[in-house]
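Each chain, letter by letter, is given below.
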Amino acid sequence: MKVSLNWLKRYVDIDVAPEVLCDKMTSQGFEVEGIEKASVMSNVVVGKILEIEKHPDSDHLQICQLNVGQEENVQIVTGAQNVFVGAMVPAALNDSHLPNGMHIKKGKLRGVASFGMMCSGEELCLLGSGFPGSEVNGILILDEKWAPGTDMNTVIGADDCIIDFSITSNRPDCNSVLGIAREVAVCLNKEIKLPEITYTVKKDTKTPINVTVEDFDLCPRYVGALVENIRVAPSPKWMADCLLCAGMRPINNIVDITNFVMLETGQPMHAFDIDDICDNHIIVRRAKEGENLTTLDSKEHVLNSDMLVIADGKKAVGIAGVMGGENSEIKETTTGIFFESAKFRRDSVRKTARALGINTEASSRFEKGVDALTSEFALKRALNLIDALDAGDVTNWNPDVYETLPEEKVINAPLNRIEELLGVCVPTDIILTILKNLGIKAELKDEVIICTIPSRRDDIEGVHDIAEEIIRVYGYDHIISRPLSGVLTRGTKTKQHLMSDTVKEILVSLGLNEIATYSFISQKAYDMLGISSDNTVKLINPLGEDYSIMRTQLFSSMLTVMGTNFNKGALNMRLFEISKLFIPKSIPVEEQPEERKTLCFGVMGENEDFYTLKAIVETIFDRFNIKATYERSNEPFMHPGRQAIIKAGNNVLGVLGEIHPDVANKFDIDLRPLIAQLDLQNIFAIASSKVLYKALPKYPAIERDLAVLVDQNQEIGPMLDAIKSAGGQLVKDVKLFDIYKNDSLGENKMSVAFNITMLNPERTLKAEEAQKAFDKIVRSLEYRFGAKLR
């Protein structure tokens, strides 16, 4: 925000240079983006004419000797006839710049050296400013009170500078000159002089303007005042200068008062011509759908019901918080006005301004936030200016419509908590002084400061904010830098992360490549698998339909990646992903879902089959010392005869199998994809890192191959268990090495072949003992599974 230094001096006694003030304000949390001089005039000073003599070669030129506050007098040749000895005049010295753009340098006039130029009011751009003597046709004659050498910027009141403060979003109260002045007063430890808000009621009105607020949610407070017998005239120079320094063009005293008060207090205001208010009634309501309004910039806008308008009994006369209507603007013929000072909800103003493409000083302030209590203060300030400038007669009619006003916010700030937050002990008397200067009522009671926060400071919410206010004024330089202390610990991964890394190492060593997919999938993914999505977490505001569900399975993501690679020419692939599934704890979802770490891997190619998946699973289980069993599963998206559920006792560890051809086709895959999904949380929970070492056998083992005929639907796992059980301690290892199916074996029959390793750890195993155990195994298989020895 750009603020005039002279304007700030109306409220605070600033006795330091602008640069010093800027440094202090920056250290207090208000960054200064720049300082600009209000005037471009330079090296123009007050000069006193000491001598005048005729030019030897001219009838109208005069040679003047001037005292300009330097060691030596300056000679200037002039053609003006209104100068005289003893006159105080503006002297533009060598290499000076005037407001009209002229650059003055030393030179010669008819052979006589001239080291500058004496200036007229016109050359100093003072015509129409009201400065004494500026209208004279000749050199500007100054008051004798000015000492020679005084900068002319000081004489004409152009010695101001503009300071550009960067206001953070949490301090909307400082989007005003008065808000900055409060901070300057705190910074310099000076008293702030608030503007006068008293005025004289000169008239009892006979035509009051009634106010109705239909939507207090969008307009919490609406304050108004009626002023009659308006006398529209130009604003005084001091007010026009303030507006010009803020980048606003003076218009007339009434409009300028509303703009001045907005800049001064931060409260946007508006004035309606009461002759244009139908039925003497102001109504704050939502716009009607398709309602039209031409604003002060002569642009017509089509409104909708989401926008708030100020209306009379028949039509809209302004867009609330944005811009007034052209149908009620102040004119030279205006005889009565109704002042508006209100609080509008910030998001409503922001949305309306964006929708209509309007950006004004008023909307900018309402969007950042306006205090409800400032509305009344600003209105009284405007009425004070009306009274002081004799711009009209203030009546006794000033409606104040609201539902509730903000309550006082009280924060208890224990001294020990403040010290704990700041890391430095600030003396209690200094704390109380700082809070008082900030406008916070503070009372010390039992080592606790009871703080009453002014309504304009809605950024202060707790003791941490109180501590921040104290230290930024007290000075961050009081905080003593100390080296970090504490015990350094070596960073490491959790047990879960380490086991995940182990799984990745195993899979990579087996030739699998890691992939990463989104945790959000679509309803279509479940439909393609032929499973329900009822027991899932559905997003309320998804990025799109394709990312509307938090996944409870990884099969669809794996198949999507495999399909993409297949269509790009990849016929052989081994892929894996470790990610999380999001399992809802209840339907409907009322709490955070359970997040389960899960492994999914898929293989596809000429040499890949069900047993490839099983071998990968077994490799992982061997690393974690897990003994698993396999049972038939019934997943609808898998081949009915080539899938299994994996268990360890009662723990379900996962599922694996070949994807059904119909499902594979839906993912544009013509080959046979095989996928396994493992619950890593269950696997890690039962994993063991213990390794049991056994000495190598001293005695030779005997290996026997066994081939039997069984039904094609016979599960192999129970047969392996039966062989181990029947062989007893002599059976050290059993491996399935062949499955053969052919019509010559009989209807629905298959041949299953095992390799059995038998060993006696205490002595050499005899052939008779091995044969006896072998025969027992055959009988057991025949009895339990109807197997026939081939």
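One can find the structure itself at the top, above this paragraph.
These lines cover the structure that appears in this document, whether it is placed above or below. (Residues numbered from 1 in each chain as written. Predicted model: local features only at pLDDT ≥ 70, side-chain atom pairs only at ≥ 80, totals over all residues. Heavy atoms only, no water.)

### Digging into the overall build of the protein chain
So, step 1. A tally of helices and strands in the protein chain yields 20 helices and 40 strands.
So, step 2. Since a compact globule built from 790 residues should have a radius of gyration of about 28 Å, the 46 Å found for the protein chain marks it as more spread out than a globular shape.
So, step 3. Across its three principal directions, the C-alpha atoms of the protein chain cover 150 × 70 × 65 Å.
So, step 4. For the protein chain, with 790 residues in total, the buried portion stands at 46%.
So, step 5. Partitioning the contacts of the protein chain with sequence separation of at least 6, the portion at a separation of at least 24 is 69%.
So, step 6. Of the roughly 40900 Å² that the protein chain leaves accessible, carbon and sulfur atoms contribute 48%.
So, step 7. Of the side-chain charges in the protein chain, 87 are positive and 112 negative, and the distance between the mean point of each set is 9 Å. (Helix = DSSP H or I, 4+ residues; strand = E, 2+ residues; numbered from the N terminus. Rg over C-alpha atoms; globule rule 2.2 N^0.38 Å. Buried < 20%, exposed > 50% of the residue type's maximum accessible area, 1.4 Å probe, protein only. Contact = heavy atoms within 4.5 Å. Areas by Shrake-Rupley, 256 points an atom, 1.4 Å probe, with all protein chains shown as cover. Lys, Arg positive; Asp, Glu negative; His and termini not counted. Charge placed at Lys NZ, Arg CZ, Asp CG, Glu CD.)

### Points about the environment of Met528
So, step 1. Positionally, Met528 belongs in helix α14 (residues 523–529).
So, step 2. Sequence separation between Met528 and Val663 is 135 residues, and the spatial gap between their C-alpha atoms is 6.6 Å.

### A look at the environment of Thr395
So, step 1. Mapped onto the secondary structure, Thr395 falls in the loop between β22 (393–394) and β23 (400–402).
So, step 2. With a relative accessible area of 4%, Thr395 lands in the buried category.
So, step 3. Residues Thr395 and Glu340, 55 residues apart in the sequence, show an inter-C-alpha distance of 14 Å.
So, step 4. Thr395 has contacts with Val201, Lys203, Thr205, Leu226, Val227 and Glu228, leaving out every residue within four places of it along the chain.
So, step 5. At 2.6 Å, the side chain of Thr395 forms a polar contact with the backbone oxygen of Leu226. (Polar contact = N/O pair within 3.5 Å; in protein donor to acceptor, adjacent residues only side chain to side chain.)

### Description of the pairing of strand β12 (residues 210–213)
So, step 1. In β12, alternate side chains face the same way, and those of Val211 and Val213 are buried while those of Asn210 and Thr212 on the opposite face are not.
So, step 2. Here β12 runs beside strand β15 (residues 281–286); their pairing, made up of four bridges, is parallel. Note that in β15 the partner of Asn210 across the bridge is His281. (Pairing = 2+ DSSP bridges.)

### Concerning the packing of helix α6 (residues 253–265) against helix α9 (residues 374–388)
So, step 1. As a packed pair, α6 and α9 sit with axes 10 Å apart at the nearest point and diverge in direction by 140°. Viewed along their axes, α6 and α9 adopt a mutual orientation that is oblique. Note on packing geometry: the crossing formed by α6 with α9 is right-handed. Side by side, α6 and α9 meet where Ile254, Ile257, Phe260, Val261, Glu264 and Thr265 of the first sit next to Thr374, Phe377, Ala378, Arg381, Ala382, Leu385 and Ile386 of the second.
So, step 2. The residue inventory of the contact of α6 with α9, partitioned by class, reads nine nonpolar, two polar and two charged. (Axes fitted to C-alpha atoms, helices over the stretch in contact; angles between N-to-C directions. Parallel < 35°, antiparallel > 145°, perpendicular 65-115°, else oblique. Left-handed = near helix turned anticlockwise from the far one by under 90°. Nonpolar A, V, L, I, M, F, W, Y, C, P; charged D, E, K, R; others polar.)

### Details of the sheet that holds β12
So, step 1. The sheet built from five strands is open, its strands ordered β12-β15-β18-β19-β20 with mixed pairing. This sheet does not close on itself; its edge strands, each paired only once, are β12 and β20 (323–324).
So, step 2. Across three bridges, the pairing between strand β18 (residues 308–311) and strand β19 (residues 316–319) is antiparallel. Paired with Ala311 across the strands is Ala316, a residue of β19.

### Some words on helix α5 (residues 237–245)
So, step 1. Taken together, the buried positions of α5 are occupied by Met239, Ala240, Cys242 and Leu243. Viewed end-on, α5 has its buried residues packed into an arc of 160°, placing them on one side of the element.
So, step 2. In this structure, the buried residues of α5 make contact with α1 (5–8), α6 and α9. (Arc of directions from axis to C-beta.)

### Here we look at the nonpolar core
So, step 1. With 53 residues, the main nonpolar core has Ile180, Val184 and Phe339 as its most contacted residues.
So, step 2. Sort the elements by how many residues they give to this core and helix α4 (residues 177–188) lands first, with eight residues. (Core = buried A, V, L, I, M, F, W, Y, C linked by side-chain atoms within 4.5 Å.)

### Comments concerning the packing of aromatic side chains
So, step 1. Overall, the coordinates contain seven aromatic pairs when judged by the stated rule.
So, step 2. Here Tyr518 and Tyr547 contribute two aromatic rings whose centre-to-centre distance is 5.5 Å and whose plane-to-plane angle is 85°, an arrangement assigned as edge-to-face. Remark: Tyr547 occurs in the loop between β29 (537–538) and β30 (549–550) and Tyr518 occurs in the loop between β27 (513–514) and β28 (520–521); sequence separation between them is 29 residues.
So, step 3. A relative accessible area of 32% means that Tyr547 is categorised as partly exposed.
So, step 4. Each member of the aromatic cluster is reached from another via a ring pair, and the members are Trp7, Trp238 and Phe260.
So, step 5. A cation sits over an aromatic face here: Arg704 above Phe774, 4.4 Å from the ring centre. (Phe/Tyr/Trp six-rings, centres within 6.5 Å; stacked < 30°, edge-to-face > 60°. Lys NZ or Arg CZ within 6 Å of the ring centre and 35° of its normal.)

### Here's the deal with the pattern of salt bridges
When the charged atoms of two side chains with opposite charge come close together, those side chains can pair.
So, step 1. Per the stated rule, a full pass over the model turns up 43 salt bridges.
So, step 2. The shortest N-O distance in the salt bridge between Glu36 and Lys2 comes to 3.5 Å. A residue pair is termed long-range when its members are at least 10 positions apart, and Glu36 in strand β2 (residues 32–37) and Lys2 in strand β1 (residues 2–4) qualify at 34 residues.
So, step 3. By relative accessible area, which is 43% here, Lys2 ends up partly exposed.
So, step 4. Counted as one network, the salt bridges with shared partners bring together Arg171, Asp173, Glu183, Arg457, Asp459, Glu469 and Arg472. (Salt bridge = Lys/Arg side-chain N within 4 Å of Asp/Glu carboxyl O.)

### Quick notes on the sheet that holds β2
So, step 1. Reading across the sheet, the three strands line up as β1-β11-β2 and stay open at both edges, with antiparallel pairing between neighbours. Looking along the sheet, the strands with just one partner apiece sit at the ends: β1 and β2. Here the average twist between neighbouring strands, direction ignored, is 25°.
So, step 2. Bridge count between β1 and strand β11 (residues 161–165): three bridges; the pairing is antiparallel. Across the sheet, Val3 pairs through a bridge with Ile163, a residue of β11.

### A few points about unusual backbone geometry
So, step 1. Cis rather than trans, the peptide bond between Ile587 and Pro588 has omega equal to 0°.
So, step 2. Position of Pro588 among the secondary structure elements: in the loop between β31 (573–583) and β32 (594–604).
So, step 3. The phi dihedral of Asp446 is positive, around 55°, even though this residue is not glycine.
So, step 4. Here Asp446 lies in the loop between β25 (441–445) and β26 (448–453).
So, step 5. On the basis of relative accessibility, which here comes to 68%, the residue Asp446 falls in the exposed class.
So, step 6. For Asp668, which is not glycine, the phi dihedral falls at a positive 60°.
So, step 7. Counting through the fold element by element, Asp668 comes out in the loop between α17 (661–666) and β36 (674–679).

### Describing the side chain of Gln28
So, step 1. Along the chain, Gln28 turns up in the loop between α2 (18–27) and β2.
So, step 2. Setting aside anything within four residues of it in sequence, one finds Gln28 in contact with Glu183, Val186, Cys187, Arg472 and Val473.

Shape is all these values report; function is a separate question.
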